[in-house]
Structures are given as C-alpha cells and as structure tokens.
Amino acid sequence: MSLHKIAVIGGDGIGPEVVEAGVEVLEALAAVEPGLAFDFKRFDWGSDYYRRNGRMMPQDGLEQIKGFDAIYFGSVGDPNLPDDVTLWGLRLAICQGFDQYANVRPTRLLPGLTGPLRPDLGKQIDWVIVRENSEGEYAGVGGRAHRGLPIEVGIDVAVFTRAGIERIARFACELALSRPRKLLTVVTKSNAQRHGMVLWDEVVRGVLRDYPGLSVDWMLVDAMTQRMVNKPGSIDTVLATNLHADILSDLAAALGGSLGIGSTSNIDPSRSRPSMFEPIHGSAFDITGKGVANPLGSFWTASLMLEHLGEQAAARRLMVAIELVTDRAEYLSPDLGGAASTAEVTSAVIAAVSGVNSPSS
Ligand code: IPM
Ligand code: MG
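Draft legend 1. Highlighting the pairing of strand S11 (residues 263-267). Most of S11 sits out of view: five of its five residues are buried. In S11, alternate side chains face the same way, and those of Ser263, Ser265 and Ile267 on one face and Thr264 and Asn266 on the other are all buried. Bridging between strand S4 (residues 102-108) and S11 involves three bridges; their strand directions are antiparallel. From the neighbouring strand, Asn103 faces S11, where its bridge partner is Asn266. The pairing of S11 with strand S12 (residues 275-279) spans four bridges and is classified as antiparallel.

Draft legend 2. Representation of the packing of aromatic side chains within the structure. On inspection of all chains with the given rule, the structure shows four aromatic pairs. The rings of Phe43, Trp45 and Phe68 are connected pair by pair, giving a single aromatic cluster. Seen from the ring of Tyr138, Arg131 lies directly overhead, with NZ or CZ sitting 4.9 Å from the centre.

Draft legend 3. Highlighting the site of ligand 1. What surrounds ligand 1 is the set Leu87, Arg91, Arg105, Arg131, Tyr138 and Asp246. Between an oxygen atom of ligand 1 and a side-chain N or O atom of Arg105, the distance comes to 2.8 Å. Relative to its unbound accessible area of 320 Å², ligand 1 is 74% covered by the protein chains. Along the lines of polarity and charge, the residues of the shell around ligand 1 split into two nonpolar, no polar and four charged.

Draft legend 4. Summary view of the nonpolar core. Counting residues in each nonpolar core, the largest one holds 44 residues, and the members touching the most others are Ile6, Leu26, Leu306, Leu318 and Val349. Among the secondary structure elements, those contributing two or more residues to this core are strand S1 (2-11), helix H1 (15-32), strand S2 (36-42), strand S3 (70-75), helix H11 (296-308), helix H12 (312-328) and helix H13 (342-353). Non-local contacts of Leu26, meaning those with residues more than four positions away in its chain, are made with Phe38, Phe40, Tyr72, Ala302, Met305 and Leu306. In terms of nonpolar packing, the next biggest core, distinct from the first, is built from 25 residues, Val128, Phe160, Phe171 and Val204 among them.

Draft legend 5. Geometry of the pattern of salt bridges. In total, this model carries 20 salt bridges according to the counting rule given. Note that Glu33 and Arg317 form a salt bridge whose closest N and O atoms lie 2.9 Å from each other. With Glu33 in the loop between H1 and S2 and Arg317 in helix H12, the pair connects residues that are 284 residues apart, well separated along the chain. With a relative accessible area of 30%, Arg317 lands in the partly exposed category. Salt bridges linked by common partners bring Asp48, Arg51 and Asp78 together as one network.

Draft legend 6. Broad picture of H13. Look at H13: 16 Å from first C-alpha to last across 12 residues, which is about the 16 Å you get at 1.5 Å a residue. Turning to H13, its buried residues number three or more, namely Thr342, Val345, Thr346, Ala348, Val349, Ala352 and Val353. Down the axis of H13, the smallest arc covering the buried residues is 160 degrees, so these residues share one side. Those residues of H13 hidden inside the fold are in contact with H1, H11 and H12.

Analysis parameters
Residues numbered from 1 in each chain as written. Chains lettered and ligands numbered in written order. Predicted model: local features only at pLDDT ≥ 70, side-chain atom pairs only at ≥ 80, totals over all residues. Heavy atoms only, no water. Buried < 20%, exposed > 50% of the residue type's maximum accessible area, 1.4 Å probe, protein only. Helix = DSSP H or I, 4+ residues; strand = E, 2+ residues; numbered from the N terminus. Pairing = 2+ DSSP bridges. Phe/Tyr/Trp six-rings, centres within 6.5 Å; stacked < 30°, edge-to-face > 60°. Lys NZ or Arg CZ within 6 Å of the ring centre and 35° of its normal. Near = heavy atom within 4 Å. Polar contact = N/O pair within 3.5 Å; in protein donor to acceptor, adjacent residues only side chain to side chain. Areas by Shrake-Rupley, 256 points an atom, 1.4 Å probe, with all protein chains shown as cover. Nonpolar A, V, L, I, M, F, W, Y, C, P; charged D, E, K, R; others polar. Core = buried A, V, L, I, M, F, W, Y, C linked by side-chain atoms within 4.5 Å. Contact = heavy atoms within 4.5 Å. Salt bridge = Lys/Arg side-chain N within 4 Å of Asp/Glu carboxyl O. Expected span 1.5 Å × (residues − 1). Arc of directions from axis to C-beta.

What is shown is where atoms sit, not what they do.
Right, dumping it as structure tokens:
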C-alpha cells in the first residue's frame, strides 16, 4: 500500500478550480488502482493570502511542505498585484527553494484535438521540453538604480554556471535516452550571447560525450521556432535554458491544441525535496469562477506526478482516460471549441478512469 502525501496549493484565479478537479480524479484513481492512496493537505497560499498577510506564503512555508511526497500546484498571478511579487513570493520561491532544477514539459496533440498546424504535421508532435529551472535568465540577479531619473537603469543578469548546465544536460540526456527515438535537440543562442551561452554549449558538449547512444542536433532558439512549426516530426527531446524553454513551451502548447492542456513538472532529481506539478496555463482571471476552465492540463499534470511517485499504472490509466475524453469530443471545454464545463469534463474523465465507457469495457 503506497500512501502519497500531497501538498495541494491551488493558488490564484482558476488554479483552485482545476486543482480540486484533479484531486477528485486522483481519488477516483485511488478507488480503482490496488494499493494507491493519497493524503491531500490544502494550503491556501497565493494572492488572497497576500492581501490578508502581506506575503504569498508563511515565512516558514517551505518548512511546512518539505516533508510531502509532491506538490500539486494550480497557478499564481493576480491582475491587482505585481506579477514579480506574486511569482517570486510563491511559485519561484518553491522552485528555487527546493532546487527543482529540471522543468519538464511534454507536448502531444491528443486524439480528437486539432491544433493550428496541418493535421499531417500536427499529429507528428510528440515532444518533451527540458527547461533549466534554476538559473539563466531567471536567476533573479540584477538591480535598479537612479530610480525616476532620466538615467534610470534596470539590469537582469543571466547566470550560467558549469554545475547548473551540467546537471540539466545530464537530466535531458537520460530522459532522451529513455524515449524510443533517443533524439535530443540542444537549443542555444551562442551566436549572440557570447559568454553564458558559449559556456552552455561547451558544458553540454562535454556531457554528450557520456551519451554516445543519443542522436543530437543543435538549434539556435530563433530557428527552433520555425522548425517546431515546419518540421515537428524532426523533434523529440529538447534541452533549453530557462527563458528560451519558457518561450518555446508556450509555442509547443499552442501547437498542441491549447494552453489549457499543457502540463509541467518542476523536479528535484536528487529527490531530497518534493517536486512540484502544475498545469502551464496561468490564473486566467477572465474565466475564474465561471466553471468553464479546462481541467485537462491539471489532469495531465497529475499523471506526471503519478509517474514521479512511481505509480506508472495509475499514470497510464489517467492518460488513457484523458485521451478517451478528448477523442470523443463530446466533453471539450470552450478553449478547445466545445461547451463542456469543468465539472462535465471532470465527470467524463472520472467515468473513464473508473472503467465506465473505457475501451476495455
Ligand atoms: C511558465 C510561466 C512562468 C515562467 C511565469 C508565470 C513566471 O510562464 O511556467 O512558463 O515564466 O516561468
Ligand atoms: Mg511560460
């Protein structure tokens, strides 16, 4: 019997709606998967918490969640608060505090969905983007000076360290090797960014020597956007810096049908701290509280969390259920061109998880 302790942080906007839908689905899975059980604990951190307490989470927030097996996260961001305050106060504070240096973003065009690409190209999309998640352009190093004066300056320093590059490169190589095509594309911009990105290239090249079984190619980030659109089938696993992968993964999500489906893991591969799983869509205040948010991103995210927890059978069962629902097209939310509510999509996935109307029944 494996009991998984999950810290649930719904956060802002539609975050709590989609995460609670995910908890329902996970409970349904636990009811049918032998030995699977969860102990969920909710944390009401986020922008409302900030309005009450002047901070996004308690001072000892990381202490409170460090003993959990995983963190199931919704979203963060509020139209009435500065984004840098809300993000750095919660999501980035957890990623950095727990050294979740590997951000993993899978994209596939799920059955029944049509993305913006020609159908023959769209169905070739089966990618995993590995995003460096601890340094680069998100290191938080920099400053402002001469505020309010004409000579005011704002500086963000992109930090690249040998250790940081090496560990994410190794992670990406291992992941690429575990996939059937064993194909890795390394994204860079060393033609223009001639210090950090040149170090990136050198260190990645060194790591690649330990992985002779991989097919590797290199792309400049700008050219990569074109390749994703024009030759999606030529890509499998992608390694990129924090900011480059941030941008590429939004493009990937759009090509995969909707930002509402994209999912992410923020992983501490050393497993000394909990990893965090979240849908990639934001807090979407325009549809908050209307009950129409697409919960599929948070379900796919839950499947990634199950994989990380070693629950491969449950992870697969959930993915099959999601694909069954997208394929039937009856229960698609508005962002996918349907009219189904969050609750209807959730019930459909739960029915599929529980074997009702499943392919095997
Ligand atoms: C993402 C988001 C975040 C990021 C924002 C919300 C800070 O865009 O997860 O991709 O840039 O990392
Ligand atoms: Mg992003």
